[in-house]
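# An overview of the molecular structure
The primary structure of each chain is shown beneath.
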Amino acid sequence: MEKVARLLTAVGLQEADPVRVAALKAEAADKGPWIEGEGRRLYRRSLQIREGTLYFIGTDGSAKHLYACGPVVPRNMAGRSLKAGGRSLLEADLSTENAAALHELFPFTAPVSLRDRTTTIGCGDRLGLATPGHLRALAGRRASPVLAQQSVRELTLTHRTFPAVVADASFLVFQEGYEGGYGADGDHLKNLRDIDSALDAGMPMITLDLTEVMSAEPAGWTAARVDEAFASLPAELRGIVSSRYEGKRFELEGTAVEISAAEARRCAVMYGRAVDFAARVDAHLRARRGSAYDLEVSIDETTAPTLPAHHLYIASELERRGVAVTSMAPRFVGEFQKGIDYIGDLAAFEGQFRVHCAIARSRGGYKVSIHSGSDKFSVYPAIGRHTAMRLHLKTAGTSWLEAVRVAARLDPALFRRMLAAAVDGFAEASRLYHVAADPRVVPAPESLQDRELEACLEEPNARQVLHIAYGQLLSDAAIRADLYRLLQAREKEHYAAVAAHIGRHVRLLGIAEVAPA
Ligand code: ZN
């Protein structure tokens, strides 16, 4: 800590001087993200003053801390302190408790509802290190990031918690001095217990996965069997189905969506319980957060694509029930496999996708959400066009793969260990994820020259094997420690890799640049 104190003096920050702080921040573009000296780094963009106290993020190259320096340091921030010349220097760990204190002092570091933002990008960050790369990819673009986004499955596999995920994003937002507002998404939640734990962590976005409350089987039933099940539904619902949907034709932007009487009853049988549950969850979110929440309704984890008539039924029922849907994720035609481009007929995709977009616009204008949205480069132009940018694109594992790329480039021995472990663990990992990779065609790591390693990330089989291996690789204590050490030591390269990759998504979607002021 003495070294940090000496560095502050050396750069003219012995006092919390706003003019000096502004000058040091402005130099970030030319002189780089940090001020270096005494074996310590101080992040320029993190410099902030509140009530005469200077705050910033610093690091010794391995561990980062939040520092507060001034006559009074905040009581609710826990850490070690050093007193000298009438001021204190507090060195605080980047803990969940200190993140809560940071949110109070600097509200821009806490996640917010992005209900009113037109275009949002989900940037899953499984390591809790990628936020600066995500922010750079979206800088100057008309899109807002959901920086914290994890499913319960991801939390389990990475040994993290919702509060830790939010804290990691919060400190990196502070490090970058980003004040534009960001979202936090409790992803693919299926019950109120998990929803509450995401809300308790301050996450304003809930992706409600309706898979378990929908019935998929009636999709294949005969009309007679559907009618039998329909007869046992509440009379009120049966009346609504018959008056609003049976045999009706809906004109939407020049396309007609027809719902036959039999199909309307099938929808009621398939989705009745799911709509009830979504309404209950919406009421719960409103009770806990007023209107400051984003409810995403997800019906994508099914075996068959969502038919436009079914999407229209669900959206209409949610609208009738007054559910505040911020975004909805149908399942689209074709394959949206993890970490690779779209597989399927582009024209068929586009033909149905535009109807899904028209439905969303006609039923309250919620955002169409694209799940497993990373790396679908061939369909992005169509997605951008038909949504008119009213969309949520959810990416997750692709940023993990950029971290793996950094290992391939900068630590070949670590990458070889990761690739070997990923191939070994494939049988188990592929039980949780939908991928078509064949691990037998992945080259043996020792057969590759160092310069050939990165190509594994472009070859679909190796790419998917590495993509879904994150849980196993991060559960291996040695690999986990070595990867974190590498990414912390080479964070510039890591941020640049993430920014370049997510930036490609942003450009192909056609997200416009913010007009210069
Ligand atoms: Zn999904």
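Criteria and thresholds
- Residues numbered from 1 in each chain as written.
- Predicted model: local features only at pLDDT ≥ 70, side-chain atom pairs only at ≥ 80, totals over all residues.
- Heavy atoms only, no water.
- Helix = DSSP H or I, 4+ residues; strand = E, 2+ residues; numbered from the N terminus.
- Rg over C-alpha atoms; globule rule 2.2 N^0.38 Å.
- Buried < 20%, exposed > 50% of the residue type's maximum accessible area, 1.4 Å probe, protein only.
- Core = buried A, V, L, I, M, F, W, Y, C linked by side-chain atoms within 4.5 Å.
- Domains from an automatic or database assignment.
- Contact = heavy atoms within 4.5 Å.
- Pairing = 2+ DSSP bridges.
- Axes fitted to C-alpha atoms, helices over the stretch in contact; angles between N-to-C directions.
- Buried area = accessible area lost by both parts, 1.4 Å probe.
- Parallel < 35°, antiparallel > 145°, perpendicular 65-115°, else oblique.
- Left-handed = near helix turned anticlockwise from the far one by under 90°.
- Nonpolar A, V, L, I, M, F, W, Y, C, P; charged D, E, K, R; others polar.
- Donors = N, O, S within 2.8 Å, 3.2 Å for Na, K, Ca; no water.
- Polar contact = N/O pair within 3.5 Å; in protein donor to acceptor, adjacent residues only side chain to side chain.

## Comments concerning the overall build of the protein
Along its length, the protein carries 21 helices and 17 strands. Taking 2.2 N^0.38 as the reference for a compact globule, 517 residues should give roughly 24 Å; the C-alpha atoms of the protein span a radius of gyration of 25 Å, in line with that estimate. Each principal axis of the C-alpha atoms in the protein carries an extent, and together these give about 85 × 55 × 40 Å. Expressed as a percentage of its 517 residues, the buried residues of the protein come to 56%.

## Side note on the nonpolar core
Core analysis: the largest hydrophobic core is formed by 109 residues, its most contacted members being Leu210, Tyr313, Leu318, Phe349, Ile370 and Ile383. The greatest single-element share of this core, amounting to 13 residues, is contributed by helix α11 (residues 261-289). The two domains that each donate at least three residues to this core are domain 1 (2-93) and domain 2 (210-395). Beyond its immediate stretch of four places on either side in the chain, Leu210 contacts Ala274, Phe277, Ala278, Val297, Ser298 and Ile299. Membership of the second largest hydrophobic core comes to 38 residues, among which are Trp400, Val404, Ala408 and Cys456.

## A look at the sheet that holds strand β9 (residues 144-151)
Remark on secondary structure: sheet strands pair via backbone hydrogen bonds, oriented parallel or antiparallel. Pairing within the closed barrel is parallel, and its eight strands lie in the order β8-β9-β10-β11-β14-β15-β16-β17. Direction aside, the axes of adjacent strands within the sheet are offset by 25° on average.

## Overview of the domain arrangement of the protein
As assigned here, the protein comprises domain 1 (2-93), domain 2 (210-395) and domain 3 (398-505). Computed over C-alpha atoms only, the centres of domain 2 and domain 3 are separated by 34 Å. Listed by partner, the interface residues are 12 residues for domain 2 and 13 residues for domain 3. Interface area, domain 2 with domain 3, both sides summed: about 1100 Å², of which 59% is carbon and sulfur.

## Some words on the packing of helix α13 (residues 346-362) against helix α14 (residues 380-387)
Where α13 contacts α14, the two axes come as close as 9 Å, and the packing angle between them is 30°. When the axis of α13 is compared with that of α14, the two are roughly parallel. Note on packing geometry: the crossing formed by α13 with α14 is right-handed. Residues Phe349, Glu350, Phe353, Arg354, Cys357 and Arg361 of α13 pack against Ala382, Ile383, Arg385, His386 and Thr387 of α14. In terms of residue class, the contact of α13 with α14 is made up of five nonpolar, two polar and four charged.

## Describing the coordination of the zinc ion
At the metal site, the zinc ion is ligated by His188 (NE2), Asp300 (OD) and His371 (ND1), and these contacts range over 2.1 to 2.2 Å. Binding-site remark: the zinc ion is held by donors from one chain whose sequence spacing is H-x111-D-x70-H. Here Asp300 lies in the loop between β14 (294-298) and α12 (308-320) and His188 lies in strand β10 (residues 183-189), a separation of 112 residues in the sequence. Relative accessible area serves as the criterion here: at 18%, His188 is assigned to the buried category.

## Quick notes on the side chain of Arg126
Relative to the helices and strands, Arg126 is located in the loop between β8 (119-123) and α5 (131-138). Residue classification places Arg126 among the buried positions, given a relative accessible area of 5%. Of the polar contacts made by the side chain of Arg126, one reaches the side chain of Glu154; its length is 2.8 Å. Excluding residues within four positions of it along the chain, Arg126 makes contact with Gln150, Glu154, Thr158, Arg160, Ala396, Gly397, Trp400, Tyr433, His467, Tyr470 and Tyr484.

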